[in-house]
Amino acid sequence: MLRTVIAVSLVACCLALGLEEEWATFKSQYSKQYLMAEEVYRKQVFSQNLDYINIHNAEADNGEHTFWLGVNEYADMPIEEFKRVMLGYRFDATATNTNELYVPQIPDEAVPKKVDWREKGYVTPVKNQGQCGSCWAFSTTGSLEGQHFNKTKKLVSLSEQNLVDCSKKEGNMGCMGGLMDQAFKYIKKNHGIDTEASYPYKAKTGRKCEFKQPEVGATLTSWKDIPKGNEKDLQKASAELGPISVAIDAGHQSFQLYKRGVYTERECSPKKLDHGVLVVGFGEEVAEKYWLVKNSWGATWGQEGYIMMARDKENMCGIATQASYPIV
């Protein structure tokens, strides 16, 4: 009996020491600082997320999942806080869509097995929206940066802050959320969007619009939507045109802590969309088809800021539900 008690005590001690080391590394790596009361709470959340990561990864190693999780800068946030702060796509499933639809020009047999627009110069480096629900703005600039490059052969980083501060009349709400199509509408009406360099990102909604016409980095004439829920058309558009703006259901602990592999989530909804991202290609890995998706949570999240999301699995997480792209 005494030996059992001692053994249990030693295991508990080792686990506690392991948590202390993990916590210290996390705070150092991501420059986290807390007041004393908050640190107690954040450390508890971190411990719970770490347990979730370890259990999931053990299952993944056993072949039960096709993706793995890892500690990132969001590992001290409970999922409800994470969703409230980081997810800003405001989808209205009841809205009637009157926008022009994409019609594929590429036949089925001509669709390549793999596409990665990063390799062709269409994609700017991964950005970080910070604790601001402006994902919709980053998805918008990402697809327009690609189409602008396609036309001019110049990759220009465009200003998300311009959209956050200035597209309220079109229905967007800055850090409180918005839609990519509404951002496209603003850019068309405004005759352009400023460059990132001239209107830098602040991760908060500005008190006034500071758009400067001489600093316009790109324009668009219109935009089109991909037929709702059609992954085949999304694949063709991705192969034919370049990066495509999409919305997904990202409100899950597994997405928050994603590290590598092809992401699937049984709880994902194809209708309850809450996060704007960018499809920059597609492919297949170990018999798992995937979408290559650029996120806006910095390069420390996922695969240096990217995620491979399951493709042709019943519109996983709604990736083909509300896809669109600008016409330059």
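If you're wondering where the values come from, they're calculated on a predicted model, not measured in any experiment.

Calculation criteria
- Residues numbered from 1 in each chain as written.
- Predicted model: local features only at pLDDT ≥ 70, side-chain atom pairs only at ≥ 80, totals over all residues.
- Heavy atoms only, no water.
- Disulfide = S-S within 2.5 Å.
- Helix = DSSP H or I, 4+ residues; strand = E, 2+ residues; numbered from the N terminus.
- Buried < 20%, exposed > 50% of the residue type's maximum accessible area, 1.4 Å probe, protein only.
- Salt bridge = Lys/Arg side-chain N within 4 Å of Asp/Glu carboxyl O.
- Contact = heavy atoms within 4.5 Å.
- Phe/Tyr/Trp six-rings, centres within 6.5 Å; stacked < 30°, edge-to-face > 60°.
- Lys NZ or Arg CZ within 6 Å of the ring centre and 35° of its normal.

Chemist: Can you help me understand the state of the cysteines in this one?
Modeler: Counted by the stated rule, this structure contains 3 disulfides. The partner cysteine of Cys166 in its disulfide is Cys209, sulfur to sulfur 2.1 Å. The disulfide joining Cys166 to Cys209 has a torsion of about 95° about its S-S bond and is therefore right-handed. Taken together, the residues Cys166 in helix H5 (residues 160–166) and Cys209 in the loop between strand S3 (193–194) and strand S4 (216–218) connect sequence positions 43 residues apart. Here Cys209 falls in the partly exposed class, since its relative accessible area comes to 41%.

Chemist: Can you walk me through the pattern of salt bridges in this structure?
Modeler: Following the criterion strictly, the structure yields 16 salt bridges and no others. Two residues, Glu288 and Lys313, come together in a salt bridge whose shortest N-O distance is 3.3 Å. Taken together, the residues Glu288 in strand S9 (residues 288–294) and Lys313 in the loop between strand S10 (306–310) and strand S11 (324–327) connect sequence positions 25 residues apart. The residue Asp312 makes a salt bridge to Arg311 at a minimum N-O spacing of 3.7 Å. Classification of Asp312 by relative accessible area gives partly exposed; the value is 37%. A single network of salt bridges, built from pairs that share partners, joins Lys127, Glu145, Glu160 and Glu196.

Chemist: Just checking my understanding: could you explain unusual backbone geometry for this structure?
Modeler: With the exception of glycine, the majority of residues adopt a negative phi angle, and the majority of peptide bonds are in the trans configuration. We note that Ser31 has phi near 50°; this positive angle belongs to a residue other than glycine. Within the secondary structure, Ser31 is located in the loop between helix H1 (2–29) and helix H2 (36–61). One non-glycine residue, Glu304, adopts positive backbone phi at about 55°. The residue Glu304 is located in the loop between S9 and S10 in this model.

Chemist: What exactly am I supposed to notice about the environment of Met308 here?
Modeler: Structurally, the position occupied by Met308 is in strand S10. Sequence spacing of Met308 and Ala75 is 233 residues, and the spatial spacing of their C-alpha atoms is 20 Å. Leave out the neighbours within four places in its chain, and Met308 touches Tyr258, Gly261, Val262, Tyr263, Glu285, Tyr290, Trp291, Leu292 and Gln303.

Chemist: I would appreciate a short explanation of the environment of Gly178 in the present structure.
Modeler: Structurally, Gly178 can be placed in the loop between H5 and helix H6 (180–190). Accessibility expressed as a relative area gives 2% for Gly178, which makes it buried. Here the alpha-carbon distance between Gly178 and Gln253, two residues 75 residues apart in the chain, equals 23 Å.

Chemist: Please clarify how the packing of aromatic side chains should be interpreted in this entry.
Modeler: Under the counting rule described, the total for this entry stands at 23 aromatic pairs. Between Phe26 and Tyr30 the ring centres are 5.5 Å apart and the planes differ by 55°, which places this aromatic pair in the tilted class. Of the two residues, Phe26 and Tyr30, both sit in the buried class. The ring of Tyr199 has Lys212 lying over it, and the distance from NZ or CZ to the ring centre is 5.0 Å. A cation over an aromatic ring shows up here: Arg260 above the ring of Trp68, its NZ or CZ 4.2 Å from the ring centre.

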